[in-house]
Amino acid sequence: MTVQIFAASGPHGTATLAAAVDSGFFDPDGPGSGGPPRRVLLLCDTSAVPEAAPPADALPGYVRLRARFGEVLSWNDAVRPLHPGAWTPRPDDVPLWERHLRRLWDLGDEPVELVLESPHASPALALAQIFTDGPVTVYADGPAGYGPTGGKVGPPVGTRVRQLLHPDLLPGLKPLLLAEFGVPVRAVPAGALRKVYGEMADAAPVPDALRGAAVLLLPEPGVLSAAEESAIGPRMVRDTVALGHTRLVVHPHPGAPAPGLGALRAEASRLGAELAVPATDLPGVPLPAEVLFERLRPALVVGCSSSALLTASVTYGLPVAVTGTGTLLERLAPYENPARIPATITDALLPALDDPEAVKGQSPPTEATVAEALGGLLDAVAFAMRPRVRPDLRPAAELYLSTRLNARTWRYFKRRRLASLALPGVVPNRLASVRRNATLRRMARRARALARR
């Protein structure tokens, strides 16, 4: 019997896995496959202090999701006291760890199939290094999958990946994640995802009185400065009320405290609007935004940069608007920060909150609108982020930067980054042959390194 280990670090990952299981992506291939697999959901808490975080499976609706799996285990318990987000086994210790986990999880000598997030980082990388023989499926639970692989994935792992699963958030656009290995891509059906989120919503304590309110998705704390964080929430409230919405629901970023809720309530009260914050039985742990979409059918969803914005627009057909994305793109550091891809997509594709006509006249993205807004842009940003992972994207990046770079699109790039990669925008076109010469670029990098020393 094959043992399928599904690693998930949060409710969105578990929901994506549940929808993929419902869609038959992990069913046995045929009569000679050895019977139905044993499915194990492996929960991985990679927060800074996992011991202080509430258990992920205590969220409303998680019991329904767990029914797809035969058992639920904890990666944190298996590697304690090591931090699950920062540890990988030493090569000499790999056989010891495999024997330990097989005994701990009662795997015996059965073949193991892994289903992982982010194969370049732990805990996915650690699991792939420990169980070295079986096939690997990688899944993306948001728009970050449309960006490049976050680091160099070695052939021992990359060549074992047999499929990439992702929610189809951008019609007609294929993810770049693991494309360097030619991994086949499969989209998780939107209907299956909605069914899973509907099950979670059935168990969520959301008052029906909030139905039809506008939902405000607060950005992740720590990316913007303290002053910018304290200003963006009240600005969301003001601009949303200016569009005629007087009932507001605030959704804090998952896994982070909601900063400045008092200021948001005061601003809403000053403008004559009502503001609510749906809560769970776990203090400080917000409901998944998709649960609010299911229960409330919001009149508008406002955010800075969130995968939930694309889900609201594409999967649920709800009106959306973005604000603060320009500041976010400027503040993200380093340039290869994986949050850059979602921020780029939402900024380029979705209407701005301060443009009432665009907000009121919008429709869900189509293949044509996605191609117009993102065609060539994501390839250029992906190469600038990870030139060593995707060197094949250089011609696409040079073409985009030579023809599409203007006052609007400059926000997606950094001059220093383009200069270090000898890309158009900072290097004159007449020096294009120099720009393409790998030897000269290598000499320039060495010269800069010597100058820094």
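You'll find the structure just up there.
In this text, all values refer to a predicted model and were calculated from it rather than measured experimentally.

Q: Before we move on, can you summarise the overall build of the protein with the specific residues and values?
A: The secondary structure content of the protein amounts to 20 helices and twelve strands. Taken over C-alpha atoms, the radius of gyration comes to 23 Å for the protein, in line with the 22 Å a tight globule of 453 residues would show. Structurally, the protein occupies a C-alpha span of about 65 × 60 × 45 Å along its principal axes. Residues counted as buried form 50% of the 453 residues belonging to the protein. In the protein, 72% of the contacts between residues at least 6 apart in sequence involve partners at least 24 apart. Counting only carbon and sulfur atoms, one obtains 54% of the accessible surface of the protein, whose full area is about 20,200 Å². If you average the places of the 49 positive and of the 43 negative side-chain charges in the protein, the two averages end up 10 Å apart.

Q: Explain the environment of S47 residue by residue, including any values.
A: Mapped onto the elements, S47 comes out in the loop between β2 (38-43) and α2 (62-66). Put simply, S47 and G85 are 38 residues apart on the chain and 7.6 Å apart in space, counted from C-alpha to C-alpha.

Q: So what's going on with the pattern of salt bridges? Which residues, and what values?
A: The tally for this structure, following the rule as stated, stands at 21 salt bridges. R90 serves as the salt-bridge partner of D93, at 2.9 Å between the closest nitrogen and oxygen. Note on D93: relative accessible area 18%, which makes it buried. A single network of salt bridges, built from pairs that share partners, joins D22, R68, K195 and E199.

Q: Describe the packing of helix α13 (residues 340-349) against helix α15 (residues 367-374), naming the residues involved and giving the relevant values.
A: Helix packing geometry: the angle between the two helix axes and the distance between the axes. Where α13 contacts α15, the axes come no closer than 9 Å and their chain directions differ by 110°. The angle between α13 and α15 places the two elements in the roughly perpendicular class. Seen from above, α13 lies across α15 with right-handed handedness. Counting all contacts with α13, which are made through I345, A348 and L349, the residues of α15 involved are T369, V370, A373 and L374.

Q: Residues and numbers for empty space enclosed by the protein, please.
A: Rolled over the atoms, a probe as big as a water molecule pinpoints where empty space is left. Summed over all chains, the structure comprises one cavity of 30 Å³ or more. Taken as a whole, the largest cavity holds about 90 Å³ of empty space. Contributing to the lining of the largest cavity are H12, T16, D141, G142, P167, L169, L193, Y197, E290, T311 and T315. For the lining of the largest cavity, the secondary-structure elements that each account for two or more residues are α1 (11-22), α7 (190-202) and α11 (307-315).

Q: Before we move on, could you go through unusual backbone geometry and cite the residues and values that matter?
A: In this structure, the amide linkage connecting R80 to the following residue, P81, adopts the cis form with an omega of 10°. Residue placement: P81 occurs in the loop between α3 (75-79) and α4 (94-104). Residue P334 is bonded to the preceding A333 through a cis peptide linkage, with omega at -5°. In this model, D106 sits at a positive phi of 55°, which is unusual for a non-glycine residue. Tracing the chain through its elements places D106 in the loop between α4 and β4 (112-116). Non-glycine residue S118 carries a positive phi angle of around 35°.

Q: Go over helix α8 (residues 226-242), please, and point to the residues and values.
A: Taking 1.5 Å per residue, 17 residues should reach 24 Å; α8 reaches 25 Å between its end C-alpha atoms and fits that length. Turning to α8, its buried residues number three or more, namely E228, I232, G233, P234, M236, V237, T240 and V241. Buried residues belonging to α8 abut β8 (214-217), β9 (247-251), α9 (261-270), β10 (274-276), β11 (300-303) and α12 (325-331). Backbone geometry just after α8 places G244 at a positive phi near 100°.

Q: Which residues make up the environment of P334, and what values do they have?
A: Mapped onto the elements, P334 comes out in the loop between α12 and α13. Judged by its relative accessible area of 47%, P334 falls in the partly exposed class. With 51 residues separating them in the primary sequence, P334 and M385 have C-alpha atoms 9.1 Å apart.

Q: Please give an account of the layout of surface pockets that cites residues and values.
A: When its volume is computed, the second largest pocket comes out at roughly 620 Å³. What lines the second largest pocket is a set of 21 residues, and nearest its centre among them are P387, R388, S420, L421 and R445. Every element with two or more residues in the lining of the second largest pocket is listed here: α16 (377-385), α18 (415-420) and α20 (438-452). Top contributing element to the lining of the second largest pocket by residue count: α20, with six residues. Residue composition of the lining of the second largest pocket, by class: seven nonpolar, two polar and twelve charged.

Rules behind the numbers
- Residues numbered from 1 in each chain as written.
- Predicted model: local features only at pLDDT ≥ 70, side-chain atom pairs only at ≥ 80, totals over all residues.
- Heavy atoms only, no water.
- Helix = DSSP H or I, 4+ residues; strand = E, 2+ residues; numbered from the N terminus.
- Rg over C-alpha atoms; globule rule 2.2 N^0.38 Å.
- Buried < 20%, exposed > 50% of the residue type's maximum accessible area, 1.4 Å probe, protein only.
- Contact = heavy atoms within 4.5 Å.
- Areas by Shrake-Rupley, 256 points an atom, 1.4 Å probe, with all protein chains shown as cover.
- Lys, Arg positive; Asp, Glu negative; His and termini not counted.
- Charge placed at Lys NZ, Arg CZ, Asp CG, Glu CD.
- Salt bridge = Lys/Arg side-chain N within 4 Å of Asp/Glu carboxyl O.
- Axes fitted to C-alpha atoms, helices over the stretch in contact; angles between N-to-C directions.
- Parallel < 35°, antiparallel > 145°, perpendicular 65-115°, else oblique.
- Left-handed = near helix turned anticlockwise from the far one by under 90°.
- 1 Å grid on protein atoms, 1.4 Å probe; cavity = no way out; pocket = protein on both sides within 12 Å on 5 of 7 lines; lining within 4 Å.
- Points joined across faces, edges and corners; volume = space filled by probe spheres on them.
- Expected span 1.5 Å × (residues − 1).
- Nonpolar A, V, L, I, M, F, W, Y, C, P; charged D, E, K, R; others polar.

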